[in-house]
Structures are given as structure tokens and as C-alpha cells.
Amino acid sequence: MTGTARPTTDFLAVALENGELRQQLAEVQDQCIELAVDAGELHAEIDRLRAQLHDAERACDRWRALAEQRLAG
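Residues numbered from 1 in each chain as written. Predicted model: local features only at pLDDT ≥ 70, side-chain atom pairs only at ≥ 80, totals over all residues. Heavy atoms only, no water.

## Description of the overall build of the protein chain
Then comes step 1: The helix and strand tally for the protein chain stands at 1 helix and 0 strands.
Then comes step 2: Whereas a compact globule of 73 residues would reach a radius of gyration of roughly 11 Å, the protein chain reaches 31 Å, over 25% beyond that.
Then comes step 3: Seen through its C-alpha atoms, the protein chain measures out along the principal axes to roughly 105 × 15 × 5 Å.
Then comes step 4: Split into buried and exposed, the 73 residues of the protein chain put 0% on the buried side.
Then comes step 5: Carbon and sulfur atoms make up 61% of the accessible area of the protein chain, which totals about 6800 Å².
Then comes step 6: Charge-centre separation for the protein chain: the mean point of 8 positive side chains lies 12 Å from the mean point of 14 negative side chains. (Helix = DSSP H or I, 4+ residues; strand = E, 2+ residues; numbered from the N terminus. Rg over C-alpha atoms; globule rule 2.2 N^0.38 Å. Buried < 20%, exposed > 50% of the residue type's maximum accessible area, 1.4 Å probe, protein only. Areas by Shrake-Rupley, 256 points an atom, 1.4 Å probe, with all protein chains shown as cover. Lys, Arg positive; Asp, Glu negative; His and termini not counted. Charge placed at Lys NZ, Arg CZ, Asp CG, Glu CD.)

Structure representation (C-alpha cells):
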């Protein structure tokens, strides 16, 4: 019986390690999904901020042109 105890112990150790690695993989996959969601939200926020900047630059250009017209006129 001692001859089979070692392979059984090795098998159980490998099975336990496999289970732990699967758990770690699942946790990392969850983290990846969370990061992807966060990245998507940040990308959308950057797009909104760029649009706001573009609008502000256009408004600034209009005010600048109006001021230059008044100064020239």
C-alpha cells in the first residue's frame, strides 16, 4: 500500500494546485473585465472632453474675431 501512497499524494497535490491556479485565473479574468469596462468609460469621457474643448476653442475664436473687428472698426 505504501507504493501507491506517493502517486496519490502527488496527484492530490497537482489537483490542489490546479484548483488554486484556476481560482487565480478566474480572479484575473474578472479584473481584466473590470479594467476593460473602466477603459471604455475613460475613453468615452475623453471623447466628451475633446468635444467640449473643441466647442470652447470655437467660442474663443468667435470672441477673438469679434474683438478684432471692434478694435479695427
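## Brief notes about a negative patch on the surface
Then comes step 1: Residues Glu27, Asp30, Glu34, Asp38 and Glu41 make up a contiguous surface patch of negative charge.
Then comes step 2: Structurally, Glu34 is set in helix α1 (residues 2-72).
Then comes step 3: Judged by its relative accessible area of 52%, Glu34 is exposed. (Patch = residues over 30% accessible without salt bridge, like charges linked within 9 Å, V, L, I, M, F, W, Y side chains within 5 Å. Salt bridge = Lys/Arg side-chain N within 4 Å of Asp/Glu carboxyl O.)

## Things to note about the pattern of salt bridges
Then comes step 1: A full pass over the atoms with the stated rule returns 3 salt bridges.
Then comes step 2: Arg6 is paired through a salt bridge with Asp10; the nearest N and O atoms lie 3.6 Å apart. Taken together, the residues span about one helical turn, with Arg6 and Asp10 both in helix α1 at a distance of 4 residues.
Then comes step 3: With its nearest N and O atoms 2.7 Å apart, the salt bridge here joins Glu45 to Arg48. Taken together, the residues Glu45 and Arg48, both in helix α1 and 3 residues apart, mark about one turn of the helix.
Then comes step 4: For Arg48, a relative accessible area of 47% corresponds to the partly exposed category.

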